[in-house]
Amino acid sequence: SPVVRLFGGLNLACSGEFEEGLHHLRESVSMDPGNPLFNAVLGTSLGENFGRLQDALVPLSISAKTGWPTAFGPLGCYQAQLGMLNEAEKTADRVALIAKEHYVPAYVSAFLSAGHGDEDSTLDAIERMVDETGVIVHYLPRWGSFAFLHDHPRFRSLMRRVGGEA
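Calculation criteria
Residues numbered from 1 in each chain as written. Predicted model: local features only at pLDDT ≥ 70, side-chain atom pairs only at ≥ 80, totals over all residues. Heavy atoms only, no water. Salt bridge = Lys/Arg side-chain N within 4 Å of Asp/Glu carboxyl O. Helix = DSSP H or I, 4+ residues; strand = E, 2+ residues; numbered from the N terminus. Axes fitted to C-alpha atoms, helices over the stretch in contact; angles between N-to-C directions. Parallel < 35°, antiparallel > 145°, perpendicular 65-115°, else oblique. Left-handed = near helix turned anticlockwise from the far one by under 90°. Contact = heavy atoms within 4.5 Å. Nonpolar A, V, L, I, M, F, W, Y, C, P; charged D, E, K, R; others polar. Core = buried A, V, L, I, M, F, W, Y, C linked by side-chain atoms within 4.5 Å. Buried < 20%, exposed > 50% of the residue type's maximum accessible area, 1.4 Å probe, protein only. Expected span 1.5 Å × (residues − 1). Arc of directions from axis to C-beta.

(A) Broad picture of the pattern of salt bridges. For the structure shown, the criterion picks out six salt bridges. Between Arg 154 and Glu 127 there is a salt bridge, with its nearest N and O atoms 2.9 Å apart. A residue pair is termed long-range when its members are at least 10 positions apart, and Arg 154 in helix α9 (residues 153-161) and Glu 127 in helix α8 (residues 119-131) qualify at 27 residues. For Arg 161, the salt bridge identified is with Asp 131, shortest N-O distance 2.6 Å. Placement of Arg 161 in helix α9 and of Asp 131 in helix α8 is noted, with a sequence separation of 30 residues between them.

Now the structure itself:
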């Protein structure tokens, strides 16, 4: 199943088995190229597990075109990290519009804030992620966009709170 391959690939990539993980992620997308979830996970993994921010923009943009909310966080984050500040601002504005009518997970805000290196806003969003019991919070200690927080006492406390790496 493409879903099993997708999440298996994400787990492999996050546990250090990068090439095999990437193979599974790409295979999932090839089975359903327009699937917003598959593209969002591939793009996020390219950015976080491989540091390939520019490459991540393509699948994240495909996902964002469908309105898939979780794609906007990493997309805006990588745009900001790549110096594409106008694009990052447009992405954040689109999230604000979506949030007026639909639920947007705290994950999105965490990424958008992390892209600008904003410690307080990122930590606030991570705290909301913990409160939402978002599974994705366990990946944060391994993801490069959040590396600037790894030594922050509040980040370490939040990771311990969810039983993750601190």
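Having seen the structure, we can now continue with the description.
(B) Spotlight on the environment of Ser 1. Within the secondary structure, Ser 1 sits in the segment before α1 (2-14). Each C-alpha atom of the pair Ser 1 and Ser 28 lies 8.2 Å from the other, and the pair is 27 residues apart in sequence.

(C) Inspection of the packing of helix α3 (residues 36-48) against helix α4 (residues 53-65) at higher detail. One way to put it is that α3 packs onto α4 with a least axis distance of 7 Å and a crossing angle of 165 degrees. Classed by the angle they form, the pair α3 and α4 counts as roughly antiparallel. The interaxial crossing formed by α3 with α4 has left-handed handedness. On α4, the residues that touch Pro 36, Asn 39, Ala 40, Leu 42, Gly 43, Thr 44, Leu 46 and Gly 47 of α3 are Leu 53, Asp 55, Ala 56, Pro 59, Leu 60, Ile 62 and Ser 63. When grouped by side-chain class, the residues that make up the contact of α3 with α4 number nine nonpolar, five polar and one charged.

(D) View of the nonpolar core. One finds Tyr 78, Ile 126, Met 129, Leu 140, Trp 143 and Phe 146 to be the most contacted residues of the largest nonpolar core, which totals 47 residues. It is helix α7 (residues 106-115) that provides the largest number of residues to this core, a total of seven residues.

(E) Inspection of the environment of Leu 12 at higher detail. One can find Leu 12 in helix α1. Once the C-alpha coordinates of Leu 12 and His 24 are considered, the two residues, twelve residues apart in sequence, prove to be 8.8 Å apart. Once residues within four sequence positions are removed from consideration, Leu 12 is found in contact with Glu 17, Phe 18, Glu 20, Gly 21 and His 24.

(F) Layout of the packing of α4 against helix α5 (residues 69-81). Where α4 meets α5, the axes come as close as 9 Å, and the angle between the chain directions of the two elements is 145 degrees. Crossing of α4 over α5 shows left-handed handedness. Seen from α4, the contacting residues are Leu 53, Ala 56, Leu 57, Leu 60, Ser 61, Ser 63 and Ala 64; seen from α5, they are Ala 71, Phe 72, Pro 74, Leu 75, Tyr 78, Gln 79 and Gln 81. The class makeup of the residues in the contact of α4 with α5 is ten nonpolar, four polar and no charged.

(G) Focus on α8. In this model, α8 (13 residues) spans 18 Å end to end at C-alpha, consistent with the 18 Å of a helix rising 1.5 Å per residue. Among the residues of α8, those classed as buried are Thr 122, Leu 123, Ala 125, Ile 126, Met 129 and Val 130. Summarising the axial view, the buried residues of α8 lie within an arc of 160 degrees, below the 170-degree limit, and thus occupy one face. Looking at α8, the residues exposed on the side facing more than 90 degrees away from the buried face are Asp 120 and Asp 131.

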